[in-house]
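# Observations on the model geometry
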Amino acid sequence: MQNKLAHAAERKAFSVVLDKAIDAVRGDHPEEAIEKFLDMGQKMLSGTAPDMAKSLREAFYPGSKWENMVIDMARRIDPHILHTALLNGAYESAFRGLRETTISAQKNQCNVPWIIIFDPTSACNMHCVGCWAADYSKSLNLTFDEMDSLVKQANDLGCHWFFMTGGEPMVRWKDIVKLAEKHNDSLFSLYTNGTLINQQVCNDCKRLGNVLFSVSLEGSKEANDGRRGEGDYDKVMAAFDLMKANGIPFGVSTAYTRANVEAVTSDEYYDMLIEKGALWAWYFHYMPVGEGANADLMPTLEQREYMIKRIRDVRAYDGGKPIMVMDFQNDGEFVGGCIAGGRVFCHITARGDVEPCVFIHYSNANIKEQSLLDCLKQPLFQQYRANWPWNDNMLRPCPMLENPEVLPKMVHAADAKSTEYVTPESVDHLCARTAEYAKAWAPVGDRIWLEEHPTGKKVYEDDISMMPVDQKGKMLEEQDEKGFAVTLDD
């Protein structure tokens, strides 16, 4: 009871400070307000992510593109959404959530994620090349009660950020609205094809404040419609225009392949996204997973090296573009490599199987049959916990794509079963498909890594948020006793 009261008081204090900060950024002297906001962020992050606190200060210098972007966001995004999304994302998920999930992990001796990805349904109105859900059965669902229970159990462990995939999660929009309304201290981010976003959806989002969208887009109209179906591009553009007009924050999600790498990172592409109002762009390296997977679609070695440099140039403190971009394969050094297996996130299918990752379809546990905590304690996740990191090069982060000898050992040691809906695949067969790529990428990735990090040092050792949990937990428990005591006037 005491912890709940302290949590409520801390959340209220952050909410008050946040309102003051947003109002100030909307005022006549936004630069001064951002400076105070940065001071608050540094105090909050000093114990959990000091490197992140330092990076914020370096990025948001007076007149920087990031400062201008924040000012534009504060004035363009619906006020209720901006307040609620920041409160639930920055405070509940990143600040308190990281602290609580770390303590929960230490207490239960298992990985406890601070982000959970789940599929409300396997149903989808598309069949896109490269999507892990493309071959899923169309009749599987998590019931509302199951999703409600999942979120509650996750909240109890400290997790307040949920991503929804599918299938197409918007098929379950009424249940998603009900879920977000009931759990208004959590943040729900939907990966969607965007074709079901209409004015009623926008009205719901403005009322709720805690639902965000990442819309799938693959480049030009020809490239996008070639992968997703004729007319899809125009529907996505219409959804962008509608969300921008309603002050709904959104970004894009892109699977990059050998065929579209250059197109989805061109100046023209970014300029279009920025004009339409997109705030972020998430990139996913094509994974040859599922029935009919084609390893030839994976980017070439030269294209991958290009992606590393291009993404970092685009989001650089100076130059680049005013849009947040992240490549989940090549940005491993900023999160300590692989974040799957519950270390930062896990994936729950519409059938209830609790998987390490959206691309790793093996499991020992099902949320329909076991508690979330028991699912997190499953043998496969414990294998992830015991064996991470796979190597010292965070440009080779995946146990399937760049370390194909690792995943089979863990799956066999855990006696985990395939969770593929249509055609179950042995882990040995899957990793044989990536072995040639891994062998070819290793020397390239090692060269780039050593050019950037001559000592070969593991970057996560510099940051408390990347420390082994038994070291980190104690420090965070000590910090928890201090509580949140930062105001805009500090």
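Counting of residues starts from 1 at the beginning of each chain's written sequence and follows it residue by residue. Given that the model is predicted, a residue must reach a pLDDT of at least 70 before its local features are reported, and side-chain atom pairs must reach 80 or more before they are shown or counted; all residues, however, enter totals for whole chains, interfaces and linings. Only hydrogens and water are set aside when side-chain values are computed; all heavy atoms of the structure are taken into account.

Under the annotation held in an unreviewed UniProt entry, the chain carries the name Radical SAM superfamily enzyme, MoaA/NifB/PqqE/SkfB family and is attributed to Parafannyhessea umbonata.

## Some thoughts on the packing of helix α14 (residues 379-387) against helix α15 (residues 406-414)
How two helices pack is summed up by the angle between their axes together with the distance between the axes. Rules: Axis geometry follows a simple rule: fit a line to the C-alpha atoms, using only the stretch in contact for helices, then measure angles between N-to-C directions, giving values from 0 to 180 degrees. The way it works is that DSSP assigns letters per residue, a run of H or I at least four long becomes a helix, a run of E at least two long becomes a strand, and they are numbered from the N terminus. For this classification, under 35 degrees means roughly parallel, over 145 means roughly antiparallel, 65 to 115 means roughly perpendicular, and everything else is oblique. Take the far helix as the reference: if the near one is turned anticlockwise from it by less than a right angle, the crossing is left-handed, and if turned clockwise, right-handed. By the convention used here, residues are in contact when the closest approach between their heavy atoms is within 4.5 Å. Throughout this entry, Asp, Glu, Lys and Arg are counted as charged residues, while Ala, Val, Leu, Ile, Met, Phe, Trp, Tyr, Cys and Pro are counted as nonpolar. The remaining residues, Gly among them, count as polar.
Orientation of α14 relative to α15, taken along the N-to-C sense of each, is 135 degrees, at an axis distance of 8 Å. One element, α14, and the other, α15, form an angle in the oblique class. For the crossing formed where α14 meets α15, the hand is right-handed. Within the contact between the two elements, α14 uses P379, L380, Q383, Y384 and N387 and α15 uses L407, M410, V411, A413 and A414. Partitioned by chemical class, the residues of the contact of α14 with α15 number eight nonpolar, two polar and no charged.

## Points about helix α7 (residues 173-182)
Put simply, the test is: Residue exposure (1.4 Å probe, protein chains only): buried if accessible area is under 20% of the type maximum, exposed if over 50%, otherwise partly exposed. The arc under discussion is defined with respect to the helix axis, by the directions toward the C-beta atoms.
The set of residues buried in α7 consists of W173, I176, V177, L179 and A180. Looking down the long axis of α7, one finds its buried residues gathered within 165 degrees of arc, a one-sided arrangement. Opposite the buried face of α7, by more than 90 degrees, sit the exposed residues K174 and K182. Residues of α7 that are buried make contact with β1 (115-118), α6 (144-157), β2 (161-164), β3 (187-192), α8 (199-208) and β4 (211-216).

## Some remarks on the pairing of β4
Two faces belong to every sheet, and in a regular strand the side chains alternate between them. Here is the rule: Pairs of strands are assigned from DSSP output, requiring at least two bridges between the strands. By the criterion used throughout, a crossover qualifies as right-handed when its path from the first strand across the helix to the second strand runs clockwise, the strands pointing away from the viewer.
By the criterion of burial, β4 is predominantly enclosed, with six of the six residues buried. Burial of β4 is two-sided: the residues V211, F213 and V215 facing one way and the residues L212, S214 and S216 facing the other way are all buried. In this structure, β3 lies alongside β4, joined through five bridges in parallel fashion. Each bridged residue has a counterpart across the sheet, and for L190 the counterpart in β4 is F213. With α8 bridging β3 and the parallel β4, this β-α-β connection has right-handed handedness. Alignment of β4 against strand β5 (residues 250-256), held across four bridges, turns out to be parallel. Bridging across to β5, F213 finds its partner in F250.

## Describing the environment of L157
Within the secondary structure layout, L157 lies in helix α6. The class for L157 is buried, based on a relative accessible area of 12%. In this structure the C-alpha to C-alpha distance between L157 and P113, which are 44 residues apart in sequence, comes to 8.8 Å. Excluding residues that lie within four positions of it along the chain, L157 makes contacts with E100, T101, S104, N108, V112, L372, L373 and L376.

## Observations concerning the nonpolar core
What counts here: To form a nonpolar core, buried Ala, Val, Leu, Ile, Met, Phe, Trp, Tyr and Cys residues must be joined to one another through side-chain atoms within 4.5 Å. Domain extents, as shown, originate in an automatic or database domain assignment.
Within the largest apolar cluster, 137 residues are counted, with the highest numbers of intra-cluster contacts made by W173, F213, L217, F240, L273, Y283 and L407. Split by domain, the residues of this core number at least three in each of domain 1 (4-76 + 470-482) and domain 2 (79-459). Dropping the residues within four chain positions of it, L273 is found in contact with L217, F240, V252, A278 and I323.

## A look at α14
Of the positions making up α14, those classed as buried are L380, F381 and Y384. Projection of α14 onto a plane perpendicular to its axis shows the buried side chains occupying an angular sector of 100 degrees, all on one side. In this structure, the buried side of α14 is in contact with β8 (345-348), β9 (354-355), β10 (362-363), α13 (372-376) and α15.

## Quick look at the sheet that holds β9
Strand pairing in a sheet takes place through backbone hydrogen bonds and is either antiparallel or parallel in direction. Spatially, the nine strands line up as an open sheet ordered β7-β6-β5-β4-β3-β2-β1-β8-β9, and their pairing is mixed. The sheet is open, and its two borders are formed by β7 (324-327) and β9, each paired with just one other strand. By the bridge criterion, two bridges tie β8 to β9 in an arrangement that is antiparallel. Among the inter-strand pairings, I348 is bridged to a residue of β9, identified as V354. The strands that helix α10 (residues 232-245) touches are β4 and β5; relative to β4, the one it contacts most, it runs at about 155 degrees. Sitting on the sheet, helix α11 (residues 267-276) is in contact with β5, β6 (280-285) and β7, with an inclination near 155 degrees to β5.

## Let's talk about unusual backbone geometry
For the bond from G166 to G167, the omega torsion is 15 degrees, close enough to zero to count as cis. For G167, the position within the fold is in the loop between β2 and α7. Positive phi outside glycine occurs at Q109, with the angle close to 55 degrees. Inspection of the secondary structure assignment puts Q109 in the loop between α5 (79-108) and β1.

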